[in-house]
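Observations on chain architecture
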Amino acid sequence: MKALVPALLLALCATPALAVPMCYTPKGGAVIINVEIGKMSEQQRATFYEQQLQMRGIDAHQTRFWNGCVQTFVTENGKFTMRFYDPWTLAEVPN
């Protein structure tokens, strides 16, 4: 029983981490964001991505970055939900 406890704790700790979206590398498809963003602050980049999403008809607010993804809050059908987007393609990343 004592040997089972560490393995069980490891499994419980690892499971939520697997559910977090990751966007560190391009996911494929056409890269649509190809600008010099390295000189922008993180807040300026977040504003840039928020504007790009809004230009695509996505009602994005409070945009920031999480695990390399663009994290934003979207109002849709009167509900406020958190969504993640790939920074290279702006494709929605399931969470």
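Residues numbered from 1 in each chain as written. Predicted model: local features only at pLDDT ≥ 70, side-chain atom pairs only at ≥ 80, totals over all residues. Heavy atoms only, no water.

**Here we look at unusual backbone geometry**
The cut-off we apply is this: Counting from the N terminus, the helices are DSSP H or I runs at least four residues long and the strands are E runs at least two residues long. Here's how the labels work: a residue is buried when its accessible area is under 20% of the maximum for its type, exposed when over 50%, partly exposed in between, all with a 1.4 Å probe on protein chains only.
You will see that N77, though not glycine, has its phi angle at about 55 degrees, which is positive. If you trace the backbone, N77 turns up in the loop between β2 (69-76) and β3 (79-85). Here N77 falls in the exposed class, since its relative accessible area comes to 75%. Its identity as a non-glycine residue notwithstanding, L90 has a phi of 60 degrees, on the positive side. Looking at the secondary structure, you find L90 in the loop between β3 and β4 (92-93).

**Section: the packing of aromatic side chains**
Just so we agree on the cut-off: Pairing of aromatic rings covers Phe, Tyr and Trp, the last counted by its six-membered ring, and requires centre-to-centre distances within 6.5 Å; plane angles under 30 degrees mean stacked, over 60 mean edge-to-face, and any other angle means tilted. Counted as over-ring charges are cases with an Arg CZ or a Lys NZ within 6 Å of the ring centre that also lie within 35 degrees of the ring normal.
In total, this model carries 3 aromatic pairs according to the counting rule given. When the centroid spacing of 5.4 Å and the interplanar angle of 75 degrees are considered together, the rings of F48 and Y49 count as edge-to-face. Across this residue pair, the class does not change: F48 and Y49 are buried. The interplanar angle of 15 degrees and the centroid separation of 5.5 Å between the aromatic rings of F73 and F80 together place this pair among those described as stacked. Residue classification places F73 among the buried residues on the basis of a relative accessible area of 13%. With relative accessibility at 49%, the residue F80 sits in the partly exposed group. Each residue in the set F48, Y49 and F65 is aromatic and connected to the rest through ring pairs, giving one cluster. One cation-aromatic arrangement involves R45 over F65; the distance from NZ or CZ to the ring centre is 5.0 Å.

Bear in mind that shape data such as this cannot, by itself, settle questions of function.
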